[in-house]
Amino acid sequence: MPMVTIDGIGIHVSDHGHGHPILFVHGFPLNHTMWNTQITAFSSTHRVIAPDLRGFGRSEVTPGTVSMDRFADDLHALLDTLNISEPVTMCGLSMGGYIAWRFIEKYPQRLRSLILLDTRAAADTPKNAQNRLTLAERILKEGPEPAKDMLPNLVSPRTAQNRPEVLEELQEMILSTSPDGIAAALRGMAERPDSTDLLAEIGIPVLLVVGTDDRLTPPEEMRQLAELIPATDFVEIPEAGHMAPMENPTAVNAAIERFLNRQ
Ligand code: MLT
């Protein structure tokens, strides 16, 4: 079932395997293929669901602003559309994590556990929010090219040197994304609320994962999150930056597997 209709728009979803469902939520400005290694690894034992969020990949685009709440509502509707009523494990990277905070606040009963990679709970500073709005305007005029400036910060220098194909994949994802989709998510991230107050209330097991060389959401910041969430495991991934699941999939998948096996 590659295409489903949610809220009147077409959402592309990769849905493979059987067993406890894991919902993978991609980062910005990417698509579900960033999880390819995880989809292959976990679909032999789990039902692995990896949508392209609205505006990304092969999903339809809605211009304007797409809030983190809107993305969370889409994911909730997606679970209903796929007839998944048992609580799922949600696994989100970076923007996928921002969406996960909104999801757990609105729909806690739909989650069994949470895996958050390379993300943060804090809102944007006013300066960062303004930079996003400026970038959104540029991208609407010039196309996705300016978003390529993120690339050097997305991976560890070791990945850039030893696995240039990861950077190529990321670049291809960025350049194939609709300018309207990128701009709408930038505006949504700029206005997202601070989720720090939520953390102490989280009553399900949480795994936090961060690449040692992550410059966008550094290990120190993720470690502070781990201290605020009651039932957390914290794993640092060597030889990886912000895109840990693509850069060091062996270590990330082992951490996810250990976490899932304990539930
Ligand atoms: C991401 O990987 O989703 C982005 O780095 C999120 C952001 O721009 O804050």
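Preceding this paragraph is the structure being described.
Draft legend 1. How the structure looks around the site of the ligand. Taken together, Gly27, Phe28, Ser94, Met95, Tyr98, Arg132, Met150, Met189, Leu216 and His242 make up the full set of residues adjacent to the ligand. Take Met95: an N or O atom from its main chain is 2.9 Å from an oxygen atom of the ligand. Separating an oxygen atom of the ligand from a side-chain N or O atom of Arg132 is a distance of 2.8 Å. Protein burial of the ligand: of its 270 Å² of free accessible surface, 91% is covered by the chains. When atoms are counted within 2 Å of each cavity's grid points, the one that captures over half of the ligand is the largest pocket. Split into classes, the residues belonging to the shell around the ligand amount to 6 nonpolar, 3 polar and 1 charged.

Draft legend 2. Structural detail: the packing of helix α4 (residues 126-142) against helix α8 (residues 179-190). Viewed as axis vectors pointing N to C, α4 and α8 meet at an angle of 170°, and their least axial separation amounts to 9 Å. By the angle between their directions, the pair α4 and α8 is classed as roughly antiparallel. The handedness of the crossing between α4 and α8 comes out as left-handed. Here α4 contributes Ala129, Arg132, Leu133, Leu135, Ala136, Glu137, Ile139 and Leu140 to the contact with α8, which in turn contributes Pro179, Asp180, Ile182, Ala183, Leu186, Arg187, Met189 and Ala190. The class makeup of the residues in the contact of α4 with α8 is 12 nonpolar, no polar and 4 charged.

Draft legend 3. Molecular detail of the packing of aromatic side chains. Applying the stated rule across the entire model yields 3 aromatic pairs. When the ring of Phe24 is compared with that of Trp35, the centres are 4.9 Å apart and the planes differ by 50°; the resulting orientation is tilted. Residue Phe24 is found in strand β3 (residues 21-25), and its partner Trp35 is found in the loop between β3 and α1 (36-42); the two are separated by 11 residues along the sequence. Geometrically, the ring pair formed by Phe28 and Phe56 is edge-to-face, given 6.3 Å between the ring centres and 80° between the ring planes. Pair noted here: Phe28 is in the loop between β3 and α1 and Phe56 is in the loop between β4 (47-51) and α2 (68-81), with a separation of 28 residues, a long-range link. Residues Phe28 and Phe56 agree in their burial class; the two are buried.

Draft legend 4. How the structure looks around the pairing of strand β8 (residues 232-237). For strand β7 (residues 206-211) and β8, the ladder comprises 6 bridges, and the chain directions are parallel. Note on β8: the bridge partner recorded for Val206 is Thr232. The parallel pair β7 and β8, bridged by helix α9 (residues 219-228), forms a crossover whose chirality is right-handed.

Draft legend 5. Quick peek at unusual backbone geometry. In this model, Phe28 is joined to Pro29 through a cis peptide bond whose omega is -10°. When you line up the elements, Pro29 lands in the loop between β3 and α1. In this structure, Asp7 is a non-glycine residue whose phi angle is positive, near 55°. Within the secondary structure layout, Asp7 lies in the loop between β1 (3-6) and β2 (9-16). If you check the backbone angles, Glu239 has positive phi at about 55° while not being a glycine. Looking at the secondary structure, you find Glu239 in the loop between β8 and α10 (244-247). Of the residues examined, Glu239 reaches a relative accessible area of 47% and is grouped as partly exposed.

Draft legend 6. Looking closely at the side chain of Thr217. Tracing the chain through its elements places Thr217 in the loop between β7 and α9. The class for Thr217 is buried, based on a relative accessible area of 1%. There is a polar contact of 2.6 Å between the side chain of Thr217 and the side chain of Asp214. A polar atom in the side chain of Thr217 sits 3.3 Å from the side chain of His242.

Definitions and cut-offs
- Residues numbered from 1 in each chain as written.
- Predicted model: local features only at pLDDT ≥ 70, side-chain atom pairs only at ≥ 80, totals over all residues.
- Heavy atoms only, no water.
- Near = heavy atom within 4 Å.
- Polar contact = N/O pair within 3.5 Å; in protein donor to acceptor, adjacent residues only side chain to side chain.
- Areas by Shrake-Rupley, 256 points an atom, 1.4 Å probe, with all protein chains shown as cover.
- 1 Å grid on protein atoms, 1.4 Å probe; cavity = no way out; pocket = protein on both sides within 12 Å on 5 of 7 lines; lining within 4 Å.
- Sits in = over half its atoms within 2 Å of the grid points.
- Nonpolar A, V, L, I, M, F, W, Y, C, P; charged D, E, K, R; others polar.
- Axes fitted to C-alpha atoms, helices over the stretch in contact; angles between N-to-C directions.
- Helix = DSSP H or I, 4+ residues; strand = E, 2+ residues; numbered from the N terminus.
- Parallel < 35°, antiparallel > 145°, perpendicular 65-115°, else oblique.
- Left-handed = near helix turned anticlockwise from the far one by under 90°.
- Contact = heavy atoms within 4.5 Å.
- Phe/Tyr/Trp six-rings, centres within 6.5 Å; stacked < 30°, edge-to-face > 60°.
- Buried < 20%, exposed > 50% of the residue type's maximum accessible area, 1.4 Å probe, protein only.
- Pairing = 2+ DSSP bridges.
- Right-handed = clockwise from strand over helix to strand, strands pointing away.

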